[in-house]
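# Survey of secondary and tertiary structure
Residues per chain, in single letters:
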Amino acid sequence: MRPPPMGGRVAECRVVTAPLPLVTAPRRESAPSVPDRPPKTPTMNDKSPSRAVAWLVCALVAASLYGNYYVYDSIGPVADALQRQRGFSDQQIGLLNAIYSLPNVVLILVGGVLVDRFGAARMTLWTAAVCLLGALLTALSPGFAGMAAGRLLFGIGAETFGIATLAALAQYFVGGKVAFSMGLALSIGRLGSFSSDMSPTWFPQAYAQGWQPPLLIAAAMAAASFGGALLYWWLDRRVAAADKGIAQQQAQPFVWRDLLHFGKAYWFLLALCVLWYSVILAFRSTFAIKYFQHAHGLDLAAAGAMNSYVFLAAVFATPAFGWLCDRVGRYAPFLAFGAVLLPIAMALMALTATSLWVSTALIGVSFSLVPAVMWPLASRLVSPSRFGTAIGLMWVAQNAGIAGANLVAGWLNDRAGAGAQNPAGYESMMLFFGLASVGGAVFALILWLTAGRRAQERAALAA
Ligand SMILES: C[C@H](NC(=O)[C@@H](N)CCCCN)C(=O)O
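Residue indices follow the written sequence of each chain, beginning from 1 at its first position. The predicted nature of this model means local features are confined to residues of pLDDT at least 70 and side-chain atom pairs, given and counted, to a pLDDT of 80 or more, with totals for whole chains, interfaces and linings taken over all residues.

Per an unreviewed UniProt entry, the chain is named Lysosomal dipeptide transporter MFSD1, and its organism is Roseateles chitinivorans. UniProt positions are given in the numbering used here, feature names are shortened, and annotations may be inferred rather than shown by experiment. As recorded by UniProt, the Subcellular location (unreviewed entry) comment attached to the chain reads in full: "Lysosome membrane". For the chain, the Function (unreviewed entry) comment in UniProt is given as "Lysosomal dipeptide uniporter that selectively exports lysine, arginine or histidine-containing dipeptides with a net positive charge from the lysosome lumen into the cytosol. Could play a role in a specific type of protein O-glycosylation indirectly regulating macrophages migration and tissue invasion. Also essential for liver homeostasis."

### Considerations on the environment of Ser-428
The numbering of helices and of strands both runs from the N terminus, where a helix is a DSSP run of H or I of at least 4 residues and a strand a run of E of at least 2. Mapped onto the fold, Ser-428 is located in helix H15 (residues 427-462). Here a residue counts as buried when 20 or more other C-beta atoms fall within 10 Å of its C-beta, as exposed when 12 or fewer do, and as partly exposed in between; the C-beta atoms come from the backbone. We classify Ser-428 as partly exposed; it has 17 C-beta atoms within 10 Å. Sequence-wise, Ser-428 and Thr-124 are 304 residues apart; in three dimensions their C-alpha atoms are separated by 41 Å. Setting aside its immediate chain neighbours within four residues, Ser-428 contacts Leu-412 and Ala-416. A pair of residues counts as a contact when their C-beta atoms, built from backbone coordinates, are within 7 Å of each other.

### As for the site of the ligand
Surrounding the ligand, one finds Tyr-69, Tyr-72, Glu-159, Gly-162, Leu-186, Tyr-277, Pro-371, Trp-375, Trp-395 and Gln-398. Of all the elements in the fold, those that place two or more residues in the shell around the ligand are helix H1 (49-72), helix H6 (144-172), helix H13 (356-381) and helix H14 (387-416). As a working rule, the residues Ala, Val, Leu, Ile, Met, Phe, Trp, Tyr, Cys and Pro are called nonpolar, Asp, Glu, Lys and Arg charged, and the rest polar, with Gly in that last group. Tallied by class, the residues present in the shell around the ligand amount to seven nonpolar, two polar and one charged. Domain segmentation is taken from an automatic or database assignment of domains. Each of domain 1 (49-241) and domain 2 (258-463) accounts for three or more of the residues forming the shell around the ligand. By definition, a residue lies near a molecule or strand provided its backbone-derived C-beta atom is within 6 Å of it.

### Observations concerning the environment of Ser-285
As for its position among the elements, Ser-285 is in helix H10 (residues 264-296). Overall, Ser-285 belongs to the partly exposed group, with 17 C-beta atoms counted inside 10 Å. Between the C-alpha atom of Ser-285 and that of Ala-222, which follows or precedes it by 63 residues, the distance is 21 Å.

### Some details on the domain arrangement of the chain
Here the domain parsing of the chain yields domain 1 (49-241) and domain 2 (258-463). Counting residues per element, the ones that place at least two in the side of domain 1 that touches domain 2 are helix H3 (90-101), helix H4 (104-118), H6 and helix H7 (178-202). With 13 residues, H7 is the single largest residue contributor to the side of domain 1 that touches domain 2. Of the residues contributing to the side of domain 1 that touches domain 2, the split by class is 19 nonpolar, eight polar and five charged.

### Some details on helix H11 (residues 300-328)
Given the number of residues in a helix, its expected span is that number minus one, multiplied by 1.5 Å. Taking 1.5 Å per residue as the helical rise, H11 with its 29 residues ought to reach 42 Å, and the 41 Å between its terminal C-alpha atoms agrees with that figure. Here the bend at a residue is taken as the angle between two axes, fitted respectively to the seven residues that end there and the seven that start there. Of all bends in H11, the biggest is about 35°, found at Val-315, and the proline Pro-319 comes one to four residues later. Taken together, the buried positions of H11 are occupied by Ala-303, Asn-307, Val-310, Phe-311, Ala-314, Ala-317, Thr-318, Pro-319, Phe-321, Gly-322, Cys-325 and Asp-326. Those residues of H11 that are buried lie in contact with H7, H10, helix H12 (332-351) and H13. Residue Gly-329 follows H11 closely and has a positive phi angle near 75°.

### Some details on the nonpolar core
Put simply, a nonpolar core is buried Ala, Val, Leu, Ile, Met, Phe, Trp, Tyr and Cys residues tied into one set by C-beta atoms within 7 Å. Formed by 154 residues in total, the largest nonpolar core has its most connected members in Leu-169, Leu-269, Leu-272, Leu-335, Val-373 and Leu-447. Of all the elements, H10 adds the most residues to this core, at 22 residues. Among the domains, domain 1 (49-241) and domain 2 (258-463) are the pair contributing at least three residues each to this core.

### Notes on the packing of H7 against H13
At a minimum axis distance of 9 Å, the contact between H7 and H13 shows a crossing angle of 130°. By the criterion of interaxial angle, the relationship of H7 to H13 is oblique. The hand of the H7/H13 crossing is right-handed. Contacts between H7 and H13 involve Val-178, Ala-179, Met-182, Gly-183 and Leu-186 from the first element and Pro-371, Ala-372, Val-373, Trp-375, Pro-376 and Ser-379 from the second. Taken together, the residues of the contact of H7 with H13 sort by class into nine nonpolar, two polar and no charged. Each axis is a line fitted through C-alpha atoms, and for a helix only the stretch in contact is used; angles between axes span 0 to 180 degrees, taken between their N-to-C directions. Roughly parallel means an angle under 35 degrees; roughly antiparallel, over 145; roughly perpendicular, 65 to 115; everything else is oblique. By definition, any crossing whose near helix is turned counterclockwise from its far helix by less than a right angle is left-handed, and any crossing with a clockwise turn is right-handed.

### Thoughts on H13
Here H13 contains 26 residues, and its C-alpha end-to-end distance of 37 Å stays within 8% of the 38 Å for a straight helix at 1.5 Å per residue. When you tally the buried positions in H13, you get 22 out of 26 residues, the bulk of the element.

### Things to note about the confidence of the model for the chain
The predicted model of the chain averages 83 in pLDDT, with 83% of residues at 70 or higher. Highest mean pLDDT in the chain belongs to helix H5 (residues 120-140) (97); lowest belongs to H3 (79). Per-residue confidence from the predictor is reported as pLDDT, a score between 0 and 100. A low-confidence stretch, residues 245-250 stays under pLDDT 50, and its non-local contacts, those more than four residues away or across chains, total 13 contacts. In the predicted assembly, ipTM is 0.97 and pTM is 0.80.

This is the structure:
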């Protein structure tokens, strides 16, 4: 019943003798190619209890992600109250979010290695605990330094938590539906982000009392996230205990040289991840609302709502695209399609008078499709025992890209004097994001046309 473990004492359990459900899917060591179809295995029989366990794990991971993403986005809604009541500057508020990414430029690789070393369940639990401590420190600190320390702690836990949750789903759904399960869990995470944005409407009394009650609600969400992680860890222990009879091998020690063996497709995917997430997260999370107000004449409420529809679309579309991907059994073409939509949307926004609804819809599809395919694809491009490391490396570059894109875009806007009086000042920022999105699309196309094609040829030859 136990999925192929990814870490701890049982990391290299891909060679098993018994025909156990959830265990036997063939995996690539470091194949530089994009699989056409998910491996067809006799695992995950519709009525088998192991399938029920896998979906229970998915539900617990999703619930845990909901709380985690809620906390991630909890600073924006209290930014105004922090300024009014505690006298925080814009820079200080910006730092409360930037401090999440900055340590991860280095630390997340360590996090990925730890996931491979200690296993997804243990690392989900430990990092959810770190996130809870971080959220509590943020909500209870009397001064800025304490709040910043809380956000730092949260960031250190949250990114490794993200890797551990992906690793958990890659393990339990190795026989099929990996994209659907990841899409479903991510969509619940997006719902957490959306709920955080909507929390002033849902908890008006809390916001009426000032900055602290909303952050205490966020800490409660982190506690719920920890609860989900605890249940998942407990379930995983039980599954492991039931599988005592399976031959287990020692975890492979981490070797830096292994990173070079990931294969070309992995590196194309990493480049896409950096460029695409830099545009999506730096533009959408930091500058989009301001840009909609100043360059497209929307008021604050309309600009915020327009931006939040991207999240809302992702809640429904991410699992749907994951399901489609599993069903059709193709990854790279979907990834390329989703990546190409982003530069089209950026061009429509920057160069034409087309309604913002059109570009928002395109970004919504891209924001749903690319993550729905990217992480399941990553789980198929590397050995299971190196999945955490592989994602860790992607997120090192991604965090550096997001932080860098934020800084460059802010600098371009300041240099051009962008603002309500000078909407044209946003042109250089839009050119920068446009070029980055084109770069992402190019890597997605290369991934499809080279590695993806080769995989098809190999499959045809094998047939
Ligand atoms: C799964 C993926 N997560 C990431 O890329 C993280 N490094 C950053 C997440 C920031 C919001 N919690 C995703 O959310 O698409």
